[in-house]
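Below, each chain spelled out in residue letters.
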Amino acid sequence: QVQLVESGGSLVQPGGSLRLSCVASGFTFSEYIMSWYRQAPGKERELVAAIAAPTSTTNVADSVKGRFAISRDNAKNTVYLQMDSLKSEDTAVYYCHAGLPWTPDYDYWGQGTQVTVSS
């Protein structure tokens, strides 16, 4: 059974930092593109960052560029999202995603972890 388990979400003050983790199981992690999405109240889910396999090429959304970074550790089946200089607008549920670019049937989501940026 495929599982993606996120952790690391919490309440943090503006300007603070947070590191999210997503541990994967049930599929060949090193072959999948891993991504982080987020969804804020009243808004559509949006792509935050993605990291390719096996080259680890990354892409980060303009809204978080320079503040967020995605990385992966294939030996640990884990993808990370390092979030620095957090803003109130970053408040959202953050979701881990795994997918194959040419095979839409292989498309998996985690349950989400809440990030709240507030003073």
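Residues numbered from 1 in each chain as written. Predicted model: local features only at pLDDT ≥ 70, side-chain atom pairs only at ≥ 80, totals over all residues. Heavy atoms only, no water.

Draft legend 1. Highlighting the state of the cysteines. The tally for this structure, following the rule as stated, stands at one disulfide. Between the sulfur atoms of Cys-22 and its disulfide mate Cys-96 the distance is 2.1 Å. Judged by the sign of its S-S torsion, about -85°, the bond between Cys-22 and Cys-96 is left-handed. Separated by 74 residues along the polypeptide, Cys-22 in strand E3 (residues 18-25) and Cys-96 in strand E9 (residues 92-100) bring together distant segments of the chain. (Disulfide = S-S within 2.5 Å. Helix = DSSP H or I, 4+ residues; strand = E, 2+ residues; numbered from the N terminus.)

Draft legend 2. Spatial organisation of the sheet that holds E3. The sheet built from four strands is open, its strands ordered E1-E3-E8-E7 with antiparallel pairing. In the strand order of this sheet, the two ends are held by strand E1 (3-7) and strand E7 (68-73), each with one partner. Pairs of neighbouring strands in the sheet enclose a mean axial angle of 15°, with direction left out of account. As judged from the six bridges shared by E3 and strand E8 (residues 78-83), these two strands associate in the antiparallel manner. From the neighbouring strand, Ser-21 faces E8, where its bridge partner is Tyr-80. (Pairing = 2+ DSSP bridges. Axes fitted to C-alpha atoms, helices over the stretch in contact; angles between N-to-C directions.)

Draft legend 3. Local environment of the pairing of strand E5 (residues 46-51). Pairing of strand E4 (residues 33-39) with E5, which is carried by five bridges, proceeds in the antiparallel orientation. Each residue of the ladder has a partner; that of Arg-38, found in E5, is Glu-46. What sits between E4 and E5 in their antiparallel hairpin is a turn of six residues, with Gly-42 showing a positive phi close to 80°. In terms of strand pairing, E5 meets strand E6 (residues 58-60) through three bridges, oriented antiparallel. Bridge assignment links Ala-49 to a residue of E6, and that residue is Val-60. Following E5, the chain reverses through six residues before pairing antiparallel with E6; Ser-56 in that reversal takes a positive phi of roughly 65°.

Draft legend 4. Broad picture of the side chain of Thr-113. Examined against the element boundaries, Thr-113 turns out to sit in strand E11 (residues 113-117). Thr-113 sits in the buried class, given a relative accessible area of 9%. One polar contact links the side chain of Thr-113 to the main-chain amide nitrogen of Gly-9, over a distance of 3.2 Å. Setting aside its immediate chain neighbours within four residues, Thr-113 contacts Glu-6, Ser-7, Gly-8, Gly-9, Leu-20, Ala-92, Val-93 and Tyr-94. (Buried < 20%, exposed > 50% of the residue type's maximum accessible area, 1.4 Å probe, protein only. Polar contact = N/O pair within 3.5 Å; in protein donor to acceptor, adjacent residues only side chain to side chain. Contact = heavy atoms within 4.5 Å.)

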